[in-house]
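In case you want the letters, here they are:
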Amino acid sequence: MCIRDRLGTPRPRRVPRRRSHLRAPSVWPATCAPCADANTYSAGGAATCSRCLPGSSSARGASNCTLCPAGTFDPNGSNNCTSCSAALGVNAYSGAGCAAASAASCCIVCAAGSITNATGDGCLQCPAGTFRPAAGVGPCLVAPAGTYAPAGSAAALSCSAGSVSRAGAAACEVCVAGTAPNPTHTACEPCGPGSAAAAGAANCTVCAPGTASAGGVGSAACSTCGPGTFADAAGARTCEPCSRGTYSASAGAAVSYTHLRAHETKANLVCRLLLEK
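S.K.: How should I be thinking about the overall build of the protein in this particular structure?
M.R.: Along its length, the protein carries 3 helices and 29 strands. Within the protein, the fraction of its 277 residues that count as buried is 31%. For the protein, the proportion of contacts with a sequence separation of at least 24, taken over those separated by at least 6, is 31%. Carbon and sulfur atoms make up 58% of the accessible area of the protein, which totals about 17,200 Å².

S.K.: I'm lost on the nonpolar core in this one. Help?
M.R.: Within soluble globular proteins, side chains that are nonpolar tend to cluster in buried spots. Of all hydrophobic cores here, the largest spans 7 residues; its members are Phe73, Cys84, Ala92, Ala100, Ala103, Cys106 and Cys107. Those residues in contact with cysteine 107 that sit more than four places away from it in its chain are Phe73, Cys84, Leu88, Ala92, Tyr93 and Ser94.

S.K.: What am I meant to see in the pairing of strand β7 (residues 72-75) here?
M.R.: A regular strand carries its side chains on alternate faces of the sheet. Side chains Thr72 and Asp74 project from β7 onto one buried face, and the interleaved Phe73 and Pro75 project onto a second face that is buried too. In textbook terms, the turn of a hairpin is the stretch between consecutive antiparallel strands, and for β7 and strand β8 (residues 82-83) this stretch comprises 6 residues, one of which, asparagine 76, has a positive phi near 60 degrees. Bridge count for β7 against strand β10 (residues 99-100) is 2 bridges, and the pairing is parallel. Bridged to proline 75 within β10 is alanine 100.

S.K.: How should the state of the cysteines be read in this particular structure?
M.R.: If you walk through the whole model with that rule in mind, you get 12 disulfides. Each sulfur of the disulfide joining cysteine 159 and cysteine 172 lies 2.0 Å from the other. Where cysteine 159 bonds to cysteine 172 through sulfur, the torsion about that S-S bond is close to -80 degrees, and the disulfide is left-handed. One end of the pair, cysteine 159, is in the loop between β17 (157-158) and β18 (163-164); the other, cysteine 172, is in the loop between β18 and β19 (173-174), and 13 residues separate them in sequence. For cysteine 159, a relative accessible area of 8% translates into the label buried. Here cysteine 225 connects covalently by a disulfide to cysteine 239, the sulfurs 2.0 Å from one another.

S.K.: Please explain the sheet that holds β8 as it appears in this structure.
M.R.: Across a sheet, strands are paired by hydrogen bonds formed along the backbone, either parallel or antiparallel in direction. Strand order in the open sheet formed by 3 strands is β8-β7-β10, with mixed pairing between adjacent strands. Where the open sheet ends on each side, the last strands, each with one partner, are β8 and β10.

S.K.: Got a minute to help me understand unusual backbone geometry in this structure?
M.R.: The backbone phi angle of asparagine 39 is positive, close to 65 degrees, even though this residue is not glycine. Residue asparagine 79 is not a glycine yet carries a positive backbone phi of 60 degrees.

S.K.: Explanation requested: the side chain of serine 58 in the structure shown.
M.R.: Topologically, serine 58 is positioned in the loop between β5 (56-57) and β6 (66-67). Polar side-chain contacts of serine 58 include one of 2.9 Å to the backbone oxygen of threonine 40. Setting aside residues no more than four positions away along its own chain, serine 58 makes contact with Ala38, Asn39, Thr40, Cys52, Asn64 and Cys65.

S.K.: Looking at this structure, how should I read the side chain of serine 165?
M.R.: With respect to the secondary-structure elements, serine 165 resides in the loop between β18 and β19. Polar side-chain contacts of serine 165 include one of 3.0 Å to the backbone nitrogen of glycine 146. Discounting chain neighbours no more than four positions away, the residues touching serine 165 are Pro144, Ala145, Gly146, Thr147, Cys159, Ala171, Cys172, His185 and Thr186.

S.K.: Looking at this structure, how should I read the environment of glycine 235?
M.R.: Residue position: glycine 235 is located in the loop between β26 (229-230) and β27 (240-241). What makes glycine 235 partly exposed here is its relative accessible area of 31%. Note: C-alpha distance between glycine 235 and valine 206 (29 residues apart in sequence) is 5.3 Å.

S.K.: It is not clear to me how the environment of tyrosine 41 should be interpreted in this structure. Could you clarify?
M.R.: Relative to the elements of secondary structure, tyrosine 41 occurs in strand β3 (residues 40-41). Of the residues examined, tyrosine 41 reaches a relative accessible area of 27% and is grouped as partly exposed. As a C-alpha pair, tyrosine 41 and glycine 61 span 20 residues in sequence and 6.5 Å in three-dimensional space. Every residue in contact with tyrosine 41, bar those within four places of it in the chain, is listed here: Cys35, Cys49, Ser50, Arg51, Cys52, Ala62, Ser63, Asn64 and Cys65.

Calculation rules
Residues numbered from 1 in each chain as written. Predicted model: local features only at pLDDT ≥ 70, side-chain atom pairs only at ≥ 80, totals over all residues. Heavy atoms only, no water. Helix = DSSP H or I, 4+ residues; strand = E, 2+ residues; numbered from the N terminus. Buried < 20%, exposed > 50% of the residue type's maximum accessible area, 1.4 Å probe, protein only. Contact = heavy atoms within 4.5 Å. Areas by Shrake-Rupley, 256 points an atom, 1.4 Å probe, with all protein chains shown as cover. Core = buried A, V, L, I, M, F, W, Y, C linked by side-chain atoms within 4.5 Å. Pairing = 2+ DSSP bridges. Disulfide = S-S within 2.5 Å. Polar contact = N/O pair within 3.5 Å; in protein donor to acceptor, adjacent residues only side chain to side chain.

That is the geometry; function is a separate question.
Here is the structure:
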């Protein structure tokens, strides 16, 4: 329908616009807000954030939750992944995603001689030369010098008599002939002059009268003095030759025998030698 203006020109009739009864909200959200609390998540398209299930956790603004890693547990479903070893005070392990009221329900204690492995889901035997007591948390300890530790040891063991070791030894080494362990069993020391030791001996033995030894590596035993020589005291380095006018008829003589004097019989000689001793 048209109307005419003052000049008679036809114009379209204006239809009044109706006002809507709906009002625009005063504030529209500009962006979606991240989940503000830890251990909550939103996978997208959600009106609210959801809480992680027991045995899992998340950081703020996460799109999903992650299972508590192996070697930890979630106490009472608090979404707080806690180390098994720290909670129990010993090396322990667990599977991933375990939630329980106590660590004992999720975690398994490693036996003495082993530690928690790198992934936290099992135990690892201590290698040779190291040990781990049952008590306490920590790595395998190096066996001190003078001790040894086979693989999986709960404690370092002392070297036996006649053997020594350095730190971190899996076994002790036997001292060679002519040497013996020092008091701490950390090194074999050579026997001194006038003494000897067989391989693996606990100590060097002082040579008895009638025997001698130069000492040092290889001196396994004291040598018996041969005929014509003697050693009249313990700890002799060498056997001395009989001086003029004396003799030693048998091996191992501790004294030299004087020849018969003009007025002596063999019986007198025996008696005199007994007195000289």
